[in-house]
Amino acid sequence: MLEKKYSEHCCVRLCSASSKFNGVLSFHSFPTQSNLRKRWLINIRRDDFTVTSHTKVCSRHFATDELIEPMTPDGRRRLIKGAVPTLFDWNGFKPPLHTPVCYSPPLFTPWYT
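Residues numbered from 1 in each chain as written. Predicted model: local features only at pLDDT ≥ 70, side-chain atom pairs only at ≥ 80, totals over all residues. Heavy atoms only, no water.

A.B. asks: Tell me about helix H1 (residues 34-43), residues and numbers included.
C.D. replies: Of the positions making up H1, those classed as buried are Leu 36, Trp 40 and Leu 41. Buried positions in H1, seen along its axis, are confined to an arc of 140° and lie on one side of it. Turned more than 90 degrees from where H1 packs its buried face, Ser 34 and Lys 38 sit exposed. Structurally, H1 contributes buried residues whose contacts are with strand E1 (27-29), strand E2 (56-58) and strand E4 (78-79). Of the residues one or two after H1, Arg 45 is the one with positive phi, at around 60°. (Buried < 20%, exposed > 50% of the residue type's maximum accessible area, 1.4 Å probe, protein only. Helix = DSSP H or I, 4+ residues; strand = E, 2+ residues; numbered from the N terminus. Arc of directions from axis to C-beta. Contact = heavy atoms within 4.5 Å.)

Structure below.
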């Protein structure tokens, strides 16, 4: 898999997500369809915002039923057709805290058994 020369950042206000520090999130380009793009801009509260090819919204802002998980380990997470970001700090959404992985030490086997 090719490594990116830049990191992606979420353009949503109050979101500090970056692909540099988080390999779990996916970053999605704005739709080309004008009415859907307008809905995205309204929902992220960026009415007078200039969208470029580098403008992204992270997967935190999409409901899980709007995300299509990859079929292979190297695949990309995609959005369903018509997906709109709806999960934000200002509407009460808080991303789940990462559950720490419990460490289980290996079972001790005495050398004399």
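A.B. asks: Now, about unusual backbone geometry: what can you tell me, with residues and values included?
C.D. replies: Here Leu 14, not a glycine, exhibits a phi torsion of approximately 70°, which is positive. For Leu 14, the position within the fold is in the segment before E1. Residues other than glycine seldom take positive phi values, yet Arg 45 does so here, at roughly 60°. Within the secondary structure layout, Arg 45 lies in the loop between H1 and E2. Taking relative accessible area as the criterion, Arg 45 reaches 48% and is therefore assigned partly exposed.

A.B. asks: With reference to specific residues and values, describe the packing of aromatic side chains.
C.D. replies: On inspection of all chains with the given rule, the structure shows 3 aromatic pairs. With a centroid separation of 4.6 Å and 5° between ring planes, the pair formed by Phe 88 and Trp 90 is classed as stacked. Members of the aromatic cluster, each reached through a chain of ring pairs, are Phe 30, Trp 40 and Phe 62. The cationic tip of Arg 46 hangs over the ring face of Phe 49; the distance from NZ or CZ to the ring centre is 4.7 Å. (Phe/Tyr/Trp six-rings, centres within 6.5 Å; stacked < 30°, edge-to-face > 60°. Lys NZ or Arg CZ within 6 Å of the ring centre and 35° of its normal.)

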